[in-house]
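# Reading the structure
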Amino acid sequence: MPRSSVSAAYWLGFRHSLPFVLVIIPFGLLFGVAGSEAGFNLTEVMGFSVLVIAGASQFAAVQLMADNAPVVMVLVTSLAVNLRMAMYSASLTPHLGAAPTWQKALAAYFMVDQTYALAIQEYERRPSRSVAEKIAYYAGACTPVCPQWYVSTLVGATVGQAIPAEFALDFAVPITFLAMLAPMLRSLAHVVAATVSVTVALLLAFLPGGVGLLIAAAAAMFSGAQVELWQNRRRM
């Protein structure tokens, strides 16, 4: 495999990932502030972002711990919120499954919503890329996002109290997911799955421990699959 093509794939992933820095910074700042306000020291807050590196589950865990929830509930809720990573991994396996184990381990650690969304779109656009090029693209997509998550968390935890309230950092959470999802709604099946997931998640928001999210994810996958089957039957 020519080194130039692997390098080009890396820098392509890097460039594609750069816009996400605009939302990762406030997202990380917000978590740093939230962790500090919940009573965690700097080491504990940074431990969340470095070891867990999953914003949604980090917020859920911090909130439950601040409410003195049982440890089992904190763990179950965090795992429930992060179960989407299992679906992400399954969809990337056909593309990265042949990579060396250490590369897959690093890919699993750095897997966040942004890097997955970029990678799966690129792999579907260019399925003929080699495994080395796909890994390089993935690494490039991780480079601007993941380190910035650590740095932003650190800044938020140390000087977050000085950030004016009118800055409203919490805007970053919905904006982040909208920026990822919008380019992926390329077919009727995608649109139906997204609509079903949002509707079911809102209807079941009262359920504890992220159960509603799990049901919404399952309903979305089922509905999207049914739409694709229906479209395939129509073409036959």
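Everything below is about the structure shown above.
What this report covers is the structure whose coordinates are included nearby. All of these numbers come straight from a predicted model, not from anything done at the bench.

Taken together, the side chains of Val50, Leu51 and Val52 make up a nonpolar region of the molecular surface, amounting to roughly 260 Å² of accessible area. Along the polypeptide, Val50 turns up in helix H3 (residues 42-52). Classification of Val50 by relative accessible area gives partly exposed; the value is 33%.

Moving on, we come to the nonpolar core. Formed by 40 residues in total, the largest nonpolar core has its most connected members in Leu92, Tyr123, Tyr138 and Trp149. Within the residue set of this core, elements represented by two or more residues are helix H1 (3-17), helix H2 (21-37), H3, helix H4 (55-66), helix H6 (84-96), helix H8 (113-125) and helix H9 (131-159). Apart from residues no more than four positions distant in its own chain, Leu92 is found in contact with Gly97, Met111, Tyr116, Ala119, Ile120, Tyr123 and Tyr138.

Time to look at helix H5 (residues 71-82). Its 12 residues give H5 an end-to-end C-alpha distance of 17 Å, which sits within 8% of 16 Å, the value for a rise of 1.5 Å per residue. Restricting attention to buried positions, one finds in H5 the residues Val74, Thr77, Ser78, Ala80 and Val81. All buried residues of H5 fall inside an arc of 160° around its axis, so they share one side. Facing away from the buried surface of H5 by more than 90 degrees, the exposed residues are Val71, Val72, Leu75 and Leu79.

Glancing now at the state of the cysteines. Counting across every chain of the model gives 0 disulfides. Summary of cysteine pairing: Cys142 is not part of a disulfide, and the nearest cysteine sulfur, belonging to Cys146, is at 4.6 Å. You can call Cys142 buried: its relative accessible area is 7%.

Tallying each qualifying case throughout the model produces 12 aromatic pairs. Seen from their ring centres, Tyr123 and Tyr137 are 6.4 Å apart, and the 65° between their planes marks the pair as edge-to-face. Here the residue Tyr123 occupies a position in helix H8, and Tyr137 occupies one in helix H9, the gap between them amounting to 14 residues. The pair Tyr123 / Tyr137 is uniform in exposure class, with both members buried. Through a chain of ring-to-ring contacts, three or more aromatic side chains come together here, namely Phe27, Phe31, Phe40, Phe48, Phe59 and Trp149.

Conventions we followed
- Residues numbered from 1 in each chain as written.
- Predicted model: local features only at pLDDT ≥ 70, side-chain atom pairs only at ≥ 80, totals over all residues.
- Heavy atoms only, no water.
- Patch = residues over 30% accessible without salt bridge, like charges linked within 9 Å, V, L, I, M, F, W, Y side chains within 5 Å.
- Areas by Shrake-Rupley, 256 points an atom, 1.4 Å probe, with all protein chains shown as cover.
- Salt bridge = Lys/Arg side-chain N within 4 Å of Asp/Glu carboxyl O.
- Helix = DSSP H or I, 4+ residues; strand = E, 2+ residues; numbered from the N terminus.
- Buried < 20%, exposed > 50% of the residue type's maximum accessible area, 1.4 Å probe, protein only.
- Core = buried A, V, L, I, M, F, W, Y, C linked by side-chain atoms within 4.5 Å.
- Contact = heavy atoms within 4.5 Å.
- Expected span 1.5 Å × (residues − 1).
- Arc of directions from axis to C-beta.
- Disulfide = S-S within 2.5 Å.
- Phe/Tyr/Trp six-rings, centres within 6.5 Å; stacked < 30°, edge-to-face > 60°.

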